[in-house]
Amino acid sequence: MENILEIKNLKVDFATFRGTAHVLDIEDLCVREGEIYGIAGESGSGKSILALSILNLITPPGRIAQGQVIFSGRDLLKLHPREMNGIRGEEIAMIFQDPMASLNPVLTVGQQMVITIRQHRKISAKEAEKEAKRRFEDVKLPDPDTTFKKYPHELSGGMRQRVLIALALSCGAKLLIADEATRALDVTIQAGILDLLRELRKNNGTTILLITNSLGVAAQMCDRVGILYTGKILEEAPVRDIFKKPSHPYTKALIDAVPTANLKDQRLPNIGGFVPDPIDLPAGCTFGPRCPHVMEVCRRTKPERIGIGPDHFASCHLAKKSGDDNG
Ligand code: SF4
(Lines give C-alpha, C1' and ligand atoms only; values in the text may rest on other atoms or scores of the structure.)
Protein backbone atom coordinates (compact mmCIF):
# COMPACT_ATOMS: atom_id res chain seq x y z
CA MET A 1 0.00 0.00 0.00
CA GLU A 2 1.22 3.49 -0.85
CA ASN A 3 1.47 6.27 1.69
CA ILE A 4 -1.40 8.74 1.37
CA LEU A 5 -0.06 10.93 4.20
CA GLU A 6 3.52 11.50 5.37
CA ILE A 7 4.43 13.74 8.28
CA LYS A 8 8.08 14.63 8.68
CA ASN A 9 9.85 16.54 11.47
CA LEU A 10 6.67 18.41 12.34
CA LYS A 11 6.97 20.74 15.34
CA VAL A 12 4.12 22.85 16.71
CA ASP A 13 4.59 25.48 19.43
CA PHE A 14 2.24 27.74 21.35
CA ALA A 15 3.38 31.11 22.72
CA THR A 16 2.15 31.63 26.28
CA PHE A 17 2.84 34.23 28.99
CA ARG A 18 5.03 31.68 30.78
CA GLY A 19 7.07 30.72 27.72
CA THR A 20 6.84 28.53 24.61
CA ALA A 21 4.84 25.32 24.90
CA HIS A 22 6.22 22.56 22.67
CA VAL A 23 3.08 20.58 21.95
CA LEU A 24 3.95 18.46 18.92
CA ASP A 25 7.18 16.90 17.71
CA ILE A 26 6.50 14.20 15.11
CA GLU A 27 9.67 12.83 13.55
CA ASP A 28 8.13 10.52 10.97
CA LEU A 29 4.55 9.28 10.59
CA CYS A 30 3.06 7.65 7.49
CA VAL A 31 -0.54 6.63 6.87
CA ARG A 32 -1.07 4.13 4.07
CA GLU A 33 -3.86 4.27 1.54
CA GLY A 34 -6.94 2.33 2.68
CA GLU A 35 -5.77 1.60 6.24
CA ILE A 36 -7.16 2.65 9.60
CA TYR A 37 -4.25 4.18 11.50
CA GLY A 38 -4.85 4.86 15.17
CA ILE A 39 -3.29 7.61 17.26
CA ALA A 40 -3.75 6.73 20.92
CA GLY A 41 -2.74 8.59 24.06
CA GLU A 42 -3.93 10.36 27.19
CA SER A 43 -5.65 13.73 27.19
CA GLY A 44 -3.03 16.43 26.66
CA SER A 45 -0.73 14.22 24.58
CA GLY A 46 -1.22 16.35 21.43
CA LYS A 47 -3.73 14.20 19.50
CA SER A 48 -6.08 17.00 18.44
CA ILE A 49 -3.20 19.38 17.67
CA LEU A 50 -1.88 16.71 15.29
CA ALA A 51 -5.27 16.56 13.52
CA LEU A 52 -5.45 20.36 13.22
CA SER A 53 -1.85 20.54 11.96
CA ILE A 54 -2.61 18.10 9.14
CA LEU A 55 -5.37 20.45 7.97
CA ASN A 56 -3.07 23.48 8.53
CA LEU A 57 -5.60 24.91 11.00
CA ILE A 58 -3.20 25.96 13.75
CA THR A 59 -3.84 29.61 14.52
CA PRO A 60 -1.95 32.11 16.75
CA PRO A 61 -0.77 31.90 19.48
CA GLY A 62 0.02 28.47 17.99
CA ARG A 63 2.37 28.04 15.03
CA ILE A 64 3.83 25.25 12.96
CA ALA A 65 7.51 25.86 13.66
CA GLN A 66 8.82 23.41 11.04
CA GLY A 67 8.09 20.24 9.13
CA GLN A 68 6.19 18.77 6.23
CA VAL A 69 2.70 17.30 5.88
CA ILE A 70 2.73 15.53 2.53
CA PHE A 71 -0.68 14.40 1.28
CA SER A 72 -0.90 12.63 -2.07
CA GLY A 73 2.53 14.04 -2.97
CA ARG A 74 1.85 17.71 -2.00
CA ASP A 75 3.20 19.49 1.09
CA LEU A 76 0.00 20.91 2.60
CA LEU A 77 1.95 23.44 4.66
CA LYS A 78 3.20 25.12 1.49
CA LEU A 79 -0.13 25.41 -0.32
CA HIS A 80 -1.89 28.71 -0.97
CA PRO A 81 -4.84 29.16 1.47
CA ARG A 82 -7.27 28.86 -1.49
CA GLU A 83 -5.77 25.51 -2.54
CA MET A 84 -5.84 24.32 1.07
CA ASN A 85 -9.53 25.24 1.35
CA GLY A 86 -10.17 22.98 -1.64
CA ILE A 87 -8.38 20.08 0.03
CA ARG A 88 -10.33 20.48 3.28
CA GLY A 89 -13.59 18.66 2.75
CA GLU A 90 -12.89 17.54 -0.81
CA GLU A 91 -9.86 15.38 -0.10
CA ILE A 92 -9.44 15.36 3.68
CA ALA A 93 -12.44 15.55 6.00
CA MET A 94 -12.60 15.61 9.77
CA ILE A 95 -15.22 14.59 12.30
CA PHE A 96 -15.04 15.89 15.85
CA GLN A 97 -16.02 14.50 19.24
CA ASP A 98 -18.93 16.88 19.83
CA PRO A 99 -21.32 16.70 16.86
CA MET A 100 -23.65 19.34 18.35
CA ALA A 101 -20.84 21.91 18.43
CA SER A 102 -19.88 21.07 14.83
CA LEU A 103 -23.35 21.58 13.33
CA ASN A 104 -25.11 24.92 12.82
CA PRO A 105 -28.12 24.96 15.19
CA VAL A 106 -30.20 27.36 13.04
CA LEU A 107 -30.05 25.37 9.79
CA THR A 108 -31.58 21.96 9.11
CA VAL A 109 -29.05 19.20 8.61
CA GLY A 110 -30.30 18.94 5.01
CA GLN A 111 -29.52 22.63 4.35
CA GLN A 112 -26.05 22.15 5.83
CA MET A 113 -25.43 19.17 3.57
CA VAL A 114 -26.58 21.07 0.47
CA ILE A 115 -24.41 24.11 1.30
CA THR A 116 -21.34 21.94 1.87
CA ILE A 117 -21.85 19.89 -1.28
CA ARG A 118 -22.39 22.99 -3.44
CA GLN A 119 -19.31 24.67 -1.96
CA HIS A 120 -17.19 21.92 -3.44
CA ARG A 121 -19.16 20.82 -6.51
CA LYS A 122 -20.85 22.81 -9.26
CA ILE A 123 -24.26 21.16 -9.07
CA SER A 124 -27.82 22.47 -8.65
CA ALA A 125 -29.57 22.63 -5.27
CA LYS A 126 -31.90 19.82 -6.38
CA GLU A 127 -28.97 17.56 -7.31
CA ALA A 128 -27.21 18.43 -4.05
CA GLU A 129 -30.36 17.46 -2.11
CA LYS A 130 -30.44 14.10 -3.91
CA GLU A 131 -26.76 13.57 -3.12
CA ALA A 132 -27.33 14.55 0.54
CA LYS A 133 -30.11 11.97 0.92
CA ARG A 134 -27.98 9.33 -0.77
CA ARG A 135 -25.21 10.06 1.77
CA PHE A 136 -27.74 9.83 4.63
CA GLU A 137 -28.57 6.34 3.35
CA ASP A 138 -24.86 5.47 3.18
CA VAL A 139 -24.45 6.32 6.86
CA LYS A 140 -27.66 4.41 7.71
CA LEU A 141 -29.72 7.37 8.89
CA PRO A 142 -33.35 6.25 9.04
CA ASP A 143 -35.82 7.92 6.64
CA PRO A 144 -33.48 10.33 4.79
CA ASP A 145 -36.40 12.50 3.57
CA THR A 146 -37.51 13.25 7.15
CA THR A 147 -33.97 13.55 8.55
CA PHE A 148 -33.14 16.05 5.80
CA LYS A 149 -35.67 18.52 7.30
CA LYS A 150 -34.58 18.14 10.94
CA TYR A 151 -32.56 20.61 12.99
CA PRO A 152 -29.54 19.22 14.88
CA HIS A 153 -31.30 19.46 18.27
CA GLU A 154 -34.08 17.18 16.95
CA LEU A 155 -31.61 14.31 16.41
CA SER A 156 -29.95 11.98 18.93
CA GLY A 157 -26.18 12.17 19.55
CA GLY A 158 -25.56 9.09 17.40
CA MET A 159 -27.68 10.48 14.54
CA ARG A 160 -25.86 13.82 14.71
CA GLN A 161 -22.53 12.00 14.48
CA ARG A 162 -23.85 10.09 11.43
CA VAL A 163 -24.84 13.43 9.84
CA LEU A 164 -21.31 14.70 10.44
CA ILE A 165 -19.85 11.59 8.81
CA ALA A 166 -22.24 12.08 5.86
CA LEU A 167 -21.08 15.73 5.65
CA ALA A 168 -17.46 14.67 5.80
CA LEU A 169 -17.92 12.15 3.00
CA SER A 170 -20.32 14.17 0.86
CA CYS A 171 -17.49 15.53 -1.26
CA GLY A 172 -15.69 12.20 -1.62
CA ALA A 173 -12.82 12.76 0.84
CA LYS A 174 -10.05 10.16 0.55
CA LEU A 175 -8.79 10.66 4.09
CA LEU A 176 -11.13 10.90 7.07
CA ILE A 177 -9.74 12.16 10.37
CA ALA A 178 -11.95 11.02 13.24
CA ASP A 179 -10.93 12.99 16.34
CA GLU A 180 -12.39 11.13 19.34
CA ALA A 181 -15.55 10.80 17.23
CA THR A 182 -17.28 8.40 19.62
CA ARG A 183 -16.16 9.85 22.94
CA ALA A 184 -19.40 11.72 23.68
CA LEU A 185 -21.62 8.74 22.79
CA ASP A 186 -22.85 5.89 24.97
CA VAL A 187 -21.39 2.44 24.40
CA THR A 188 -24.03 0.94 22.08
CA ILE A 189 -24.18 4.06 19.87
CA GLN A 190 -20.37 4.13 19.86
CA ALA A 191 -20.30 0.54 18.55
CA GLY A 192 -22.67 1.50 15.70
CA ILE A 193 -20.49 4.46 14.66
CA LEU A 194 -17.34 2.32 14.76
CA ASP A 195 -19.08 -0.31 12.59
CA LEU A 196 -20.02 2.44 10.16
CA LEU A 197 -16.42 3.69 9.92
CA ARG A 198 -15.24 0.12 9.25
CA GLU A 199 -17.84 -0.25 6.48
CA LEU A 200 -16.80 3.04 4.89
CA ARG A 201 -13.23 1.82 4.70
CA LYS A 202 -14.33 -1.53 3.28
CA ASN A 203 -16.88 -0.24 0.76
CA ASN A 204 -15.33 3.10 -0.29
CA GLY A 205 -11.64 2.46 0.44
CA THR A 206 -11.60 5.55 2.68
CA THR A 207 -8.37 5.90 4.66
CA ILE A 208 -9.08 6.71 8.30
CA LEU A 209 -6.86 8.40 10.87
CA LEU A 210 -8.57 7.43 14.10
CA ILE A 211 -7.66 9.54 17.10
CA THR A 212 -8.65 7.99 20.39
CA ASN A 213 -7.82 7.90 24.08
CA SER A 214 -9.08 4.31 24.23
CA LEU A 215 -6.72 1.47 23.44
CA GLY A 216 -9.81 -0.76 23.40
CA VAL A 217 -11.22 1.22 20.45
CA ALA A 218 -7.82 1.13 18.73
CA ALA A 219 -7.66 -2.66 19.19
CA GLN A 220 -11.06 -3.16 17.53
CA MET A 221 -10.55 -0.76 14.66
CA CYS A 222 -6.97 -0.16 13.59
CA ASP A 223 -4.42 -1.81 11.34
CA ARG A 224 -1.54 0.09 12.92
CA VAL A 225 -1.29 2.25 16.02
CA GLY A 226 1.00 5.09 17.08
CA ILE A 227 1.24 5.84 20.80
CA LEU A 228 1.44 9.60 21.38
CA TYR A 229 2.87 11.23 24.50
CA THR A 230 4.04 14.84 24.96
CA GLY A 231 3.48 15.30 21.22
CA LYS A 232 5.85 12.48 20.27
CA ILE A 233 5.14 9.02 18.86
CA LEU A 234 6.80 6.78 21.46
CA GLU A 235 5.87 3.49 19.81
CA GLU A 236 4.31 2.44 16.54
CA ALA A 237 3.36 -1.06 15.41
CA PRO A 238 0.69 -3.18 13.75
CA VAL A 239 -2.15 -3.35 16.26
CA ARG A 240 -1.51 -7.04 17.09
CA ASP A 241 2.13 -6.31 18.01
CA ILE A 242 1.19 -3.31 20.15
CA PHE A 243 -0.84 -5.63 22.37
CA LYS A 244 1.27 -8.79 22.11
CA LYS A 245 4.75 -7.25 22.18
CA PRO A 246 4.52 -3.72 23.63
CA SER A 247 8.07 -2.41 23.85
CA HIS A 248 7.68 0.98 25.48
CA PRO A 249 6.91 1.28 29.22
CA TYR A 250 4.21 3.87 28.42
CA THR A 251 2.45 1.50 25.98
CA LYS A 252 2.61 -1.27 28.60
CA ALA A 253 1.15 1.05 31.23
CA LEU A 254 -1.70 2.08 28.90
CA ILE A 255 -2.49 -1.58 28.14
CA ASP A 256 -2.47 -2.46 31.85
CA ALA A 257 -5.00 0.32 32.44
CA VAL A 258 -7.53 -1.13 29.93
CA PRO A 259 -10.42 -2.68 31.90
CA THR A 260 -10.88 -6.42 31.24
CA ALA A 261 -14.07 -8.48 31.34
CA ASN A 262 -13.18 -9.84 34.77
CA LEU A 263 -13.26 -6.79 37.00
CA LYS A 264 -14.05 -8.73 40.18
CA ASP A 265 -11.60 -7.84 42.95
CA GLN A 266 -9.46 -6.08 40.39
CA ARG A 267 -7.99 -2.65 40.96
CA LEU A 268 -7.06 -1.02 37.67
CA PRO A 269 -3.47 0.16 37.77
CA ASN A 270 -3.04 3.82 36.89
CA ILE A 271 -0.01 5.59 35.51
CA GLY A 272 1.51 7.56 38.36
CA GLY A 273 2.22 11.26 38.00
CA PHE A 274 1.02 13.63 35.30
CA VAL A 275 1.71 14.48 31.67
CA PRO A 276 4.56 17.03 31.95
CA ASP A 277 4.11 20.73 31.31
CA PRO A 278 4.87 21.34 27.59
CA ILE A 279 6.61 24.61 28.57
CA ASP A 280 9.08 22.71 30.72
CA LEU A 281 9.48 19.23 29.22
CA PRO A 282 11.97 16.96 30.99
CA ALA A 283 15.39 16.59 29.38
CA GLY A 284 16.04 13.17 27.85
CA CYS A 285 12.99 10.91 27.84
CA THR A 286 9.78 12.86 28.46
CA PHE A 287 8.19 9.78 30.07
CA GLY A 288 11.14 9.52 32.50
CA PRO A 289 9.43 11.16 35.55
CA ARG A 290 6.62 8.55 35.38
CA CYS A 291 8.59 5.55 34.18
CA PRO A 292 9.17 2.68 36.65
CA HIS A 293 12.35 1.69 34.75
CA VAL A 294 13.96 5.13 34.50
CA MET A 295 17.80 5.06 34.39
CA GLU A 296 20.42 7.78 34.59
CA VAL A 297 20.80 7.82 30.79
CA CYS A 298 17.06 8.46 30.38
CA ARG A 299 17.38 11.75 32.28
CA ARG A 300 20.17 12.96 30.02
CA THR A 301 19.68 11.55 26.55
CA LYS A 302 16.63 11.58 24.34
CA PRO A 303 15.95 7.97 23.24
CA GLU A 304 16.21 7.26 19.51
CA ARG A 305 13.67 5.31 17.47
CA ILE A 306 14.66 1.64 17.71
CA GLY A 307 13.39 -0.77 15.05
CA ILE A 308 11.95 -3.73 16.96
CA GLY A 309 10.50 -5.67 14.04
CA PRO A 310 8.64 -5.16 10.77
CA ASP A 311 6.71 -1.86 11.00
CA HIS A 312 7.46 -1.73 14.74
CA PHE A 313 9.58 0.87 16.53
CA ALA A 314 9.85 2.25 20.03
CA SER A 315 11.74 5.25 21.42
CA CYS A 316 13.16 3.88 24.66
CA HIS A 317 16.68 3.14 25.93
CA LEU A 318 15.45 -0.29 27.03
CA ALA A 319 14.00 -1.28 23.64
CA LYS A 320 15.86 -4.12 21.94
CA LYS A 321 16.75 -3.79 18.28
CA SER A 322 15.31 -6.35 15.88
CA GLY A 323 17.89 -9.17 15.57
CA ASP A 324 19.60 -8.47 18.92
CA ASP A 325 20.51 -11.73 20.64
CA ASN A 326 18.95 -10.61 23.88
CA GLY A 327 15.84 -9.27 22.13
FE1 SF4 B 1 11.59 4.65 30.75
FE2 SF4 B 1 14.07 5.31 30.08
FE3 SF4 B 1 12.54 4.02 28.35
FE4 SF4 B 1 12.04 6.55 28.96
S5 SF4 B 1 13.85 5.77 27.91
S6 SF4 B 1 10.57 4.93 28.80
S7 SF4 B 1 12.57 6.60 31.11
S8 SF4 B 1 13.30 3.25 30.31
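Residues numbered from 1 in each chain as written. Predicted model: local features only at pLDDT ≥ 70, side-chain atom pairs only at ≥ 80, totals over all residues. Heavy atoms only, no water.

### Details of the overall build of the chain
Piece 1. Each helix and strand counted, the chain has 12 helices and 12 strands in total.
Piece 2. Taken over C-alpha atoms, the radius of gyration comes to 21 Å for the chain, in line with the 20 Å a tight globule of 327 residues would show.
Piece 3. Structurally, the chain occupies a C-alpha span of about 65 × 50 × 40 Å along its principal axes.
Piece 4. Expressed as a percentage of its 327 residues, the buried residues of the chain come to 48%.
Piece 5. Relative to all contacts within the chain whose residues are 6 or more apart in sequence, the contacts with residues 24 or more apart total 62%.
Piece 6. Entry remark: accessible area of the chain is about 16200 Å², with carbon and sulfur atoms responsible for 51%.
Piece 7. Looking at the chain, you have 43 positive and 40 negative side-chain charges, and the mean spots of the two groups are 1 Å apart. (Helix = DSSP H or I, 4+ residues; strand = E, 2+ residues; numbered from the N terminus. Rg over C-alpha atoms; globule rule 2.2 N^0.38 Å. Buried < 20%, exposed > 50% of the residue type's maximum accessible area, 1.4 Å probe, protein only. Contact = heavy atoms within 4.5 Å. Areas by Shrake-Rupley, 256 points an atom, 1.4 Å probe, with all protein chains shown as cover. Lys, Arg positive; Asp, Glu negative; His and termini not counted. Charge placed at Lys NZ, Arg CZ, Asp CG, Glu CD.)

### Examining the nonpolar core
Piece 1. With 57 residues, the main nonpolar core has I95, I165, L197 and L210 as its most contacted residues.
Piece 2. Counting residues per element, this core draws most heavily on helix α7 (residues 157-169), at 7 residues.
Piece 3. Here this core spans two domains, and each of domain 1 (3-91 + 173-274) and domain 2 (109-171) adds at least three residues to it.
Piece 4. When sequence neighbours within four positions are dropped, the list of residues in contact with I95 reads Q161, L164, I165, A168, L176, I177, A178, D179, A181 and L197.
Piece 5. In this structure, I4, A51, I54 and L228 belong to the second largest nonpolar core, which totals 34 residues. (Core = buried A, V, L, I, M, F, W, Y, C linked by side-chain atoms within 4.5 Å. Domains from an automatic or database assignment.)

### Comments concerning the sheet that holds strand β8 (residues 207-212)
Piece 1. Strand order across the open sheet formed by 8 strands is β6-β7-β8-β3-β9-β10-β12-β11, with mixed pairing between neighbours. Unpaired on one side and paired on the other, β6 (92-95) and β11 (305-309) mark the two borders of the sheet. Strand after strand, the sheet turns through a mean of 20° between neighbouring axes, direction not considered.
Piece 2. In terms of strand pairing, strand β7 (residues 175-179) meets β8 through 5 bridges, oriented parallel. Each residue of the ladder has a partner; that of A178, found in β8, is L210.
Piece 3. Those strands touched by helix α8 (residues 187-204) are β3 (36-40), β6, β7 and β8, and its axis lies near 155° from that of β8. (Pairing = 2+ DSSP bridges. Axes fitted to C-alpha atoms, helices over the stretch in contact; angles between N-to-C directions.)

### Looking at the pairing of β7
Piece 1. Counting buried positions along β7 gives 5 out of 5 residues, so the element sits mostly inside the fold.
Piece 2. Covered by surrounding structure in β7 are L175, I177 and D179 together with L176 and A178, the residues of both alternating faces.
Piece 3. Bridge count between β6 and β7: 4 bridges; the pairing is parallel. Each bridged residue has a counterpart across the sheet, and for M94 the counterpart in β7 is I177.

### Describing the site of the ligand
Piece 1. Near the ligand lie 13 residues; those nearest to it are C285, C291, C298, C316 and H317.
Piece 2. Of the residues contributing to the shell around the ligand, the split by class is 9 nonpolar, 4 polar and no charged. (Near = heavy atom within 4 Å. Nonpolar A, V, L, I, M, F, W, Y, C, P; charged D, E, K, R; others polar.)

### Topic: the domain arrangement of the chain
Piece 1. Segmenting the chain into domains produces domain 1 (3-91 + 173-274) and domain 2 (109-171).
Piece 2. For domain 1 versus domain 2, the distance between C-alpha centres works out to 26 Å.
Piece 3. If you look at the interface, domain 1 gives 18 residues, while domain 2 gives 13 residues.
Piece 4. Summed over both partners, the interface of domain 1 with domain 2 buries about 1200 Å², with 63% contributed by carbon and sulfur atoms.
Piece 5. Together, E90, I193 and L196 form the three largest contributors to the area buried by domain 1 at its contact with domain 2, with a combined 36%.
Piece 6. On inspection of domain 1 and its partner domain 2, the count reaches 1 salt bridge.
Piece 7. Among the ionic pairs, K140 bridges to E199, the shortest N-O distance being 2.5 Å.
Piece 8. Viewed at the interface, domain 2 and domain 1 are joined by 2 residue pairs in polar contact (both at pLDDT 80 or more). (Buried area = accessible area lost by both parts, 1.4 Å probe. Salt bridge = Lys/Arg side-chain N within 4 Å of Asp/Glu carboxyl O. Polar contact = N/O pair within 3.5 Å; in protein donor to acceptor, adjacent residues only side chain to side chain.)

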